[in-house]
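As a plain string of letters, each chain reads:
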Amino acid sequence: MQGLTLLALPGPQPLRLALGLCGGNRNIGLVWAGLGLGIHPVIALYFACSQLPIYTLPRLLQAWLRRQA
């Protein structure tokens, strides 16, 4: 989903990278919110680990793109 979102959107590369990241990962957060506290802790850990890139990768991409410019 990240790659498809990245390729489908117009605009500058930094914006497309950030939107691709969010577009590929946002559904897991919605599933997690819908399940609430009724899920097994291992599944909650999996969901938490899958959400981590949403918050860390934009910052890493920003640093990487600054070096590329």
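Residues numbered from 1 in each chain as written. Predicted model: local features only at pLDDT ≥ 70, side-chain atom pairs only at ≥ 80, totals over all residues. Heavy atoms only, no water.

### Describing the confidence of the model for the protein chain
Low pLDDT marks stretches whose predicted atomic positions should not be read closely.
Reasoning step 1: Per-residue confidence for the protein chain averages 78 on the pLDDT scale, and 90% of its residues sit at or above 70.
Reasoning step 2: Per-residue pLDDT, averaged within each element of the protein chain, yields its smallest value for helix 2 (residues 13-35) (73) and its largest for helix 3 (residues 41-68) (84). (pLDDT = per-residue confidence, 0-100. Helix = DSSP H or I, 4+ residues; strand = E, 2+ residues; numbered from the N terminus.)

### Comments concerning helix 3
Reasoning step 1: An ideal rise of 1.5 Å per residue puts 40 Å on 28 residues; helix 3 measures up with 40 Å between its terminal C-alpha atoms.
Reasoning step 2: Its axis deflected by about 40 degrees at Thr 56, helix 3 carries its strongest bend there, up to four residues before the proline Pro 58.
Reasoning step 3: Among the residues of helix 3, those classed as buried are Phe 47, Ser 50, Gln 51, Ile 54 and Leu 65. (Expected span 1.5 Å × (residues − 1). Bend = angle between axes of the 7 residues up to and from the residue. Buried < 20%, exposed > 50% of the residue type's maximum accessible area, 1.4 Å probe, protein only.)

### Describing the environment of Val 31
Reasoning step 1: Position of Val 31 relative to the elements: it lies in helix 2.
Reasoning step 2: Sequence separation between Val 31 and Phe 47 is 16 residues; the distance between their C-alpha atoms is 8.9 Å.

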